[in-house]
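Overview (structure and organization)
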Amino acid sequence: MRHERMSTVEYLRRIGQSAVLGKPRTSVRIKGEMNKTEQRYTHRLDAEKAEGLIDGYEFEPVTFHLKGKKQTYTIDFMVWKRKTVWFVEIKVGWKSKHSGRYHPGFHPDAWEKLKQTVGEFPMLTFRCMWWHPIEQVWKEQPL
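Predicted model only: the values in this text are computed from it and were never measured.

Structural notes on the nonpolar core
Among the nonpolar cores identified, the biggest contains 12 residues, and these are Tyr41, Leu45, Ile54, Phe59, Phe77, Val79, Trp86, Val88, Ile90, Met129, Trp131 and Trp138. Sorting the residues of this core by element identifies helix H2 (36-50), strand E4 (77-81), strand E5 (84-91) and strand E8 (126-132) as the ones contributing at least two each. Among the elements that line this core, the one with the most residues is E5, at three residues. For valine 88, the residues in contact, after removing those within four places along its chain, are Tyr41, Ile75, Asp76, Phe77, Val79, Arg127 and Met129. Listed in part, the 11 residues of the second largest apolar core include Leu66, Tyr73, Met78 and Cys128.

Structure follows, in structure tokens:
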């Protein structure tokens, strides 16, 4: 039986390790697939649609191309009611790399990129929603 050799990078990928740092990956973001928080938000949107508060929504419908450094920003949801459309970004919170503490809401880097997107597209309406795991409620974070 003949065995094929594979590179170290390929081996690390196959066992779920990072090829750069050799650290295990805890989560991998796949475009077009919802995380648990986004799935939770669709339950809210489905309820709002059933009540007639919104007409519909779409997941990751738009990627905004930002000025400088070839940056892009893909918004989580586009929601509409009659002729009104708004974009919704969803977060649950983040853990500090240094202290390991949980912080509700948006990570400062994500917040800055969202604010940049809002600044470059002032004609559009954006909402920032985050799930509060302790209170078990959605909260809106003002821009």
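Some points on H2
Its 15 residues give H2 an end-to-end C-alpha distance of 21 Å, which sits within 8% of 21 Å, the value for a rise of 1.5 Å per residue. Taken together, the buried positions of H2 are occupied by Thr37, Glu38, Tyr41, Thr42, Leu45 and Glu48. Projected down its long axis, H2 shows its buried positions confined to an angular sector of 140 degrees, all on one face. Every exposed residue of H2 that faces more than 90 degrees away from the buried side is listed here: Lys36, His43 and Ala50.

With respect to the packing of aromatic side chains
Evaluated as defined, the whole model comprises nine aromatic pairs. A centroid spacing of 6.0 Å and a plane angle of 70 degrees characterise the contact between tyrosine 57 and phenylalanine 77, whose relative ring orientation is edge-to-face. Of this pair, tyrosine 57 sits in strand E1 (residues 56-59) while phenylalanine 77 is found in strand E4, placing the two residues 20 residues apart along the sequence. Members of the aromatic cluster, each reached through a chain of ring pairs, are Tyr41, Tyr57, Phe59, Phe77, Trp131 and Trp138.

Details of the sheet that holds E4
Reading across from one edge, E1-E4-E5-E8-E9 is the order of the five strands in this open sheet, with mixed pairing throughout. Looking at which strands have only one partner, the edges of the open sheet turn out to be E1 and strand E9 (137-140). Strand after strand, the sheet turns through a mean of 30 degrees between neighbouring axes, direction not considered. Across the sheet, helix H3 (residues 108-120) is in contact with E5 and E8; its angle to E8 comes to roughly 160 degrees.

Criteria and thresholds
Residues numbered from 1 in each chain as written. Predicted model: local features only at pLDDT ≥ 70, side-chain atom pairs only at ≥ 80, totals over all residues. Heavy atoms only, no water. Core = buried A, V, L, I, M, F, W, Y, C linked by side-chain atoms within 4.5 Å. Buried < 20%, exposed > 50% of the residue type's maximum accessible area, 1.4 Å probe, protein only. Helix = DSSP H or I, 4+ residues; strand = E, 2+ residues; numbered from the N terminus. Contact = heavy atoms within 4.5 Å. Expected span 1.5 Å × (residues − 1). Arc of directions from axis to C-beta. Phe/Tyr/Trp six-rings, centres within 6.5 Å; stacked < 30°, edge-to-face > 60°. Pairing = 2+ DSSP bridges. Axes fitted to C-alpha atoms, helices over the stretch in contact; angles between N-to-C directions.

Purely spatial values, then, with no claim about function.
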